[in-house]
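Observations on the model geometry
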Amino acid sequence: ALSVRRVALRRAVRVTGRCAPRPADGRVLCMVERQVGSRWVVVQRKRINVRRGGYATSIRLKRTGLHRVTIFSPGATRRLRLRVVTRE
């Protein structure tokens, strides 16, 4: 889950969730993309440790517009949308 759906530029957004079963390497992939026209451009990619069945990280976005946060874990993919605005 995202801490907010709409955020001001350069403010941190918390990404949290649960993951069962735990991945073999103990991590999930978090990928952040920004919409450019009708395409999605990868902005950031990071691996997050899974502890006690849950994961948590924060991301800070440097461009305005619609962003998509995708969490890849074994057997499931979770996509969340987020809008970044100049002022909140």
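Above this text sits the structure in question.
Described in the following lines is the structure provided in the data block. (Residues numbered from 1 in each chain as written. Predicted model: local features only at pLDDT ≥ 70, side-chain atom pairs only at ≥ 80, totals over all residues. Heavy atoms only, no water.)

**Notes on the overall build of the chain**
What the chain contains, in helices and strands, is 0 helices and 7 strands. Starting at the N terminus, the α and β elements of the chain follow one another as β-β-β-β-β-β-β. The C-alpha atoms of the chain give 13 Å as radius of gyration, which agrees with the globular expectation for 88 residues (12 Å, within 12%). Each of the three principal axes of the chain carries a C-alpha extent, and together these read 40 × 25 × 15 Å. The burial tally for the chain puts 40% of its 88 residues in the buried class. A total of about 5800 Å² of accessible surface is found on the chain, and carbon and sulfur atoms cover 44% of it. (Helix = DSSP H or I, 4+ residues; strand = E, 2+ residues; numbered from the N terminus. Rg over C-alpha atoms; globule rule 2.2 N^0.38 Å. Buried < 20%, exposed > 50% of the residue type's maximum accessible area, 1.4 Å probe, protein only. Areas by Shrake-Rupley, 256 points an atom, 1.4 Å probe, with all protein chains shown as cover.)

**A closer look at the pairing of strand 3 (residues 27-36)**
In terms of residue burial, strand 3 counts as a mostly covered element, since 7 of its 10 residues are buried. The loop that links strand 3 with its antiparallel partner strand 4 (residues 39-49) comprises 2 residues; one of these, Gly37, has a positive phi angle of about 65 degrees. Here 6 bridges tie strand 3 to strand 6 (residues 65-73), and the two strands are oriented antiparallel to one another. Paired with Leu29 across the two strands is Phe72, which belongs to strand 6. (Pairing = 2+ DSSP bridges.)

**Examining the environment of Leu2**
With respect to the element layout, Leu2 can be found in the segment before strand 1 (6-8). Residue Leu2 is classed as buried on the basis of its relative accessible area, which comes to 12%. Residues Leu2 and Arg14 lie 12 residues apart in sequence; the distance between their C-alpha atoms is 5.8 Å. Every residue in contact with Leu2, bar those within four places of it in the chain, is listed here: Val13, Arg14, Val15, Val69, Leu80, Arg81 and Leu82. (Contact = heavy atoms within 4.5 Å.)

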